[in-house]
Amino acid sequence: MSNLIASTAPRARQLTHEEIHEIEHEKTHYPYPQAVGLEALKIVQKYQGWVSDESLLAVAAYLQIPPDDLEGVATFFNLIYRRPVGKNVILFCDSVACWMLGCDSLKAHITKTLGIEYGQTTTDNLFTLIPVPCLGDCDKAPTMMVGNESYRNLTPTSIDQIIADHKAKA
Amino acid sequence: MQKPLTKNIEKGRAPFNFQQYSAAGGYLSVAKALAMEPKALVTFVKDSGLGGRGGAGFNTGLKWSFTPEPDGGPRYLVVNADEMEPGTFKDRLLMEHDPHLLIEGMITSAYAIQASMAYIFLRGEYKLAEKNLQTAIAEAYVAGVLGKNIHGSNYSLDICLHTSAGRYICGEETALINALEGKRANPRAKPPFPQVSGLWGRPTLVNNVETICNIPGIVTHGIEWYKALGLNGQPGTRICGVSGRVKNPGCWEMPVGTTFRTLLEDYAGGMQDGYQLKAFLPGGGSTDFLLPEHLDLPMLPSDVAKAGSRLGTSLIMVLDDKTCPVGCIHNLIKFFAHESCGWCTPCRDGLPWAEHMLEKLEAGTGSLKDIEILQEMTVYMGPGNTFCALAPGAAEPLQSGLKYFMDEFVSHVNHGCGYKKH
């Protein structure tokens, strides 16, 4: 019996009261709990910053969705983060209008200033940089989002200011 | 010029609340609709000539008429607010600045198709639209135009604002339905069409935001009024726009049948100083290039189709003479490759391959064989060979780019990209 090795597989954690409350509210809008899967992941991500294995298993159990199905949904949607992210996620648009208006050189500026490439987080955990498809602000290109805020008509100077503002808030 | 879609909008001012919106003539279509038989309302909308504003342009009333007879079970109206087509930003304008227009349109439309429940499928990044729509929905419930027994009638409707979490394919109506059901957003085979079997197997209509925003005007003011709004007998107005290196990028409401030249020169102020127009995509990243010689075409689906392209969303992306066409197409194919849902082989495997070849061409390591293969791929990824319209859409800028800019592609083989990087 002492030869048994304890499983190191992730286990579901306890969902918090706030998370459960919000998930229950979402459930009232849909006839089946599976439909709430993505919403529930977003709720958990709002509180935890990202969706860990433990969170995913918790949501799957709570909504009675097979974990692999829910993982399939979680990994399909690019705004669900299955890895830890920094306090401020920079969603940098690199679609065609922004590209035409010079987003490549702005992205190089961000990389030089923050020292991170796409998919990486700064060592002070303040910023994660992710490319995002067309943000729908093409008349004000180049554009990006930081958290829930949109920033438009970007220049190296305005980017420096945005970064400084977020550092100050930290 | 009447602008029923944008008359309430003033940039810099908060959107109308329920009282202001009603005082400006809002929500009259709901009472009018409730006094009509739903089937008569469907015919009414069909006769107005309104076509879908999501990019396909199909007659809206006709699309609605394909729903079967009610059988007592749920029926759904879904508003496609997943605006993510590169170069498109018109639905954002409507939702952020006049959310009640969409709500009113939804109530009237839902009644016409006898829907019991309506969803707005909103892209997650549109945070301000989310906030303003939530506020408007709450106000509508308080005012009694949503919920049980609207205006004291037998008709009840609930609206749920569903926010998504990315992925362009969610804008495809059957993929959207799968996403709403809590699944991966792969499209579905059609038939059955959503009108017959959609959300949870029930009759479902999926309509674009701007399409639904046309309904209040049509039902309030009538068909003759709507038909008189466009140029040369065309019905209605539509939101058209411009992005790229023009003096005044943006989007504006204008009569249906306006020409590209009017849009580009009168509204967008023409090209920025020092730049010439080389080509343009008339309706988003998934439409074929048109040339300056096409500028005098009216923005009508049939006229644009005759010129070898697609009107799509009628928001044009301008390619200037200092931007590399191969680089532009590379960026677009990169987008479509990234956004493939992965379901069918031509899209999942064809688009990254095309992206790789375009990358080689841009880097100066491409070959004439690569160009030949790119040409073949526009056929393999064309209509009828794929599970949905994403790959055929991606093929449009590629095939038209190869047609109009072959000399530039060949020059990339011999000399690499000669354009200054942006």
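Only a predicted model underlies this, so the values are computations on that prediction, with no experimental measurement involved.

1. Re the overall build of chain B
Check the secondary structure of chain B and you find 17 helices and 8 strands. Here the C-alpha atoms of chain B give a radius of gyration of 22 Å, agreeing with the 22 Å that 2.2 N^0.38 yields for 422 residues. In chain B, of all internal contacts separated by at least 6 residues, the share reaching a separation of at least 24 is 70%.

2. A few points about the overall build of chain A
From N to C terminus, chain A includes 7 helices and 4 strands. For chain A, the α and β elements follow one another from N to C terminus as α-α-α-α-β-α-α-β-β-β-α. Viewed in the frame of its principal axes, chain A has a C-alpha envelope of about 60 × 45 × 30 Å. Pairs at least 24 residues apart make up 61% of the contacts formed inside chain A by residues separated by at least 6 positions.

3. Observations concerning the nonpolar core
With 173 residues, the main nonpolar core has B:V78, B:L102, B:M106, B:I107, B:A118, B:I333 and B:A394 as its most contacted residues. Excluding residues that lie within four positions of it along the chain, B:M106 makes contacts with B:L77, B:V79, B:A118, B:I159 and B:I212.

4. Some remarks on helix α7 (residues 127-143) of chain B
Residues and elements named next belong to chain B. Helix length check: α7 (17 residues) gives 25 Å between terminal C-alpha atoms against 24 Å at 1.5 Å per residue, within 8%. Where α7 is concerned, the buried positions are A129, E130, N132, L133, A136, I137 and A140. In this structure, the buried side of α7 is in contact with α1 (18-23), α5 (90-97), α6 (99-112), β2 (117-122) and β3 (158-163). Phi turns positive, to about 85 degrees, at G144, one or two residues after α7.

5. A closer look at the packing of helix α3 (residues 53-63) of chain A against helix α4 (residues 67-76) of chain A
All names here are of chain A. Direction vectors running N to C along α3 and α4 enclose 120 degrees, while the axes themselves pass 9 Å from each other. Judged by the inter-axis angle, α3 sits oblique to α4. For α3 against α4, the interelement crossing comes out right-handed. Of the residues in α4, those touching α3 at L56, L57, V59 and A60 are P67, L70, E71 and A74. Class assignment of the residues belonging to the contact of α3 with α4 gives a composition of 7 nonpolar, no polar and 1 charged.

6. Remarks on the domain arrangement of chain B
All names here are of chain B. According to the domain assignment, chain B contains domain 1 (18-227), domain 2 (234-315) and domain 3 (325-415). Taking only C-alpha atoms into account, the centre of domain 1 sits 27 Å from that of domain 2. Taken together, the contact pairs 17 residues of domain 1 with 17 residues of domain 2. Only α5, α9 (209-221) and α10 (223-227) provide two or more residues apiece to the side of domain 1 that touches domain 2. A breakdown of the residues in the side of domain 1 that touches domain 2 according to their chemical character gives 5 nonpolar, 7 polar and 5 charged.

7. Some words on the domain arrangement of chain A
Segmenting chain A into domains produces domain 1 (17-76) and domain 2 (88-169). Between domain 1 of chain A and domain 2 of chain A, the C-alpha centre-to-centre distance is 29 Å.

8. Quick notes on the interface of chain B and chain A
Taken residue by residue, the interface counts 41 residues in chain B and 33 residues in chain A. Mapped onto the side of chain B that touches chain A, the elements with two or more residues apiece are β5 (237-243), β6 (250-255) and α13 (325-339) of chain B. The biggest single contributor to the side of chain B that touches chain A is α13(B), with 6 residues. Within the side of chain B that touches chain A, the residues separate by chemical class into 16 nonpolar, 14 polar and 11 charged.

9. A few points about the sheet that holds β6(B)
Residue and element names in this part refer to chain B. If you walk across this open sheet you meet the 4 strands as β6-β5-β8-β7, and the pairing is mixed. With partners counted over all chains shown, the strands left at the sheet margins are β6 and β7 (277-281), one partner each. Sheet twist, expressed as the average angle between the axes of neighbouring strands with direction ignored, equals 30 degrees. Strand direction decides the pairing type here: β5 and strand β8 (residues 315-320), joined by 3 bridges, are parallel. Note on β8: the bridge partner recorded for S243 is M317. Taken strand by strand, α5 contacts β5, β6 and β8, and its axis lies near 115 degrees from that of β5.

10. Focus on the pairing of β3(B)
Pairing geometry for β2(B) and β3(B), over 6 bridges, is parallel. Bridge pairing in β3(B) places B:M117 opposite B:D158.

11. Comments concerning the environment of A:E18
With respect to the helices and strands, A:E18 occurs in helix α1 (residues 17-27). In this structure, the C-alpha to C-alpha distance between A:E18 and A:V44, residues 26 residues apart in sequence, is 9.4 Å.

12. Describing the environment of B:H415
Looking at the secondary structure, you find B:H415 in helix α17 (residues 406-415). The sequence separation of B:H415 and B:G364 amounts to 51 residues, and the corresponding C-alpha distance is 6.3 Å.

13. What about unusual backbone geometry?
Phi is mostly negative for residues that are not glycine, and the peptide bonds are mostly trans. A cis amide bond links A:A141 with the next residue in sequence, A:P142, at an omega value of -5 degrees. Tracing the backbone through its elements, the reader meets A:P142 in the loop between β2 (127-132) and β3 (144-146). A cis amide bond, omega 5 degrees, links B:P191 with the succeeding residue B:P192. By the secondary structure assignment, B:P192 is in the loop between α8 (173-180) and β4 (204-208). Positioned with a positive phi, B:H151 is a non-glycine residue whose angle comes to about 50 degrees. Here B:H151 is to be found in the loop between α7 and β3. Overall, B:H151 belongs to the partly exposed group, with 14 C-beta atoms counted inside 10 Å.

14. Digging into the sheet that holds β3(B)
Residues and elements named next belong to chain B. If you walk across this open sheet you meet the 4 strands as β3-β2-β1-β4, and the pairing is parallel. Looking at which strands have only one partner, the edges of the open sheet turn out to be β3 and β4. Neighbour-to-neighbour, the strand axes of the sheet open up by a mean angle of 20 degrees, direction not taken into account. Summarising the sheet, strand β1 (residues 76-81) and β2 pair through 6 bridges and their orientation is parallel. Bridged to L77 within β2 is A118. Sheet strands touched by α7: β2 and β3. Its angle to β3, the strand with the most contacts, is close to 165 degrees.

Calculation notes
Residues numbered from 1 in each chain as written. Chains lettered and ligands numbered in written order. Predicted model: local features only at pLDDT ≥ 70, side-chain atom pairs only at ≥ 80, totals over all residues. Helix = DSSP H or I, 4+ residues; strand = E, 2+ residues; numbered from the N terminus. Rg over C-alpha atoms; globule rule 2.2 N^0.38 Å. Contact = placed C-beta atoms within 7 Å. Core = buried A, V, L, I, M, F, W, Y, C linked by C-beta atoms within 7 Å. Buried ≥ 20, exposed ≤ 12 C-beta atoms within 10 Å, placed from the backbone. Expected span 1.5 Å × (residues − 1). Axes fitted to C-alpha atoms, helices over the stretch in contact; angles between N-to-C directions. Parallel < 35°, antiparallel > 145°, perpendicular 65-115°, else oblique. Left-handed = near helix turned anticlockwise from the far one by under 90°. Nonpolar A, V, L, I, M, F, W, Y, C, P; charged D, E, K, R; others polar. Domains from an automatic or database assignment. Pairing = 2+ DSSP bridges.

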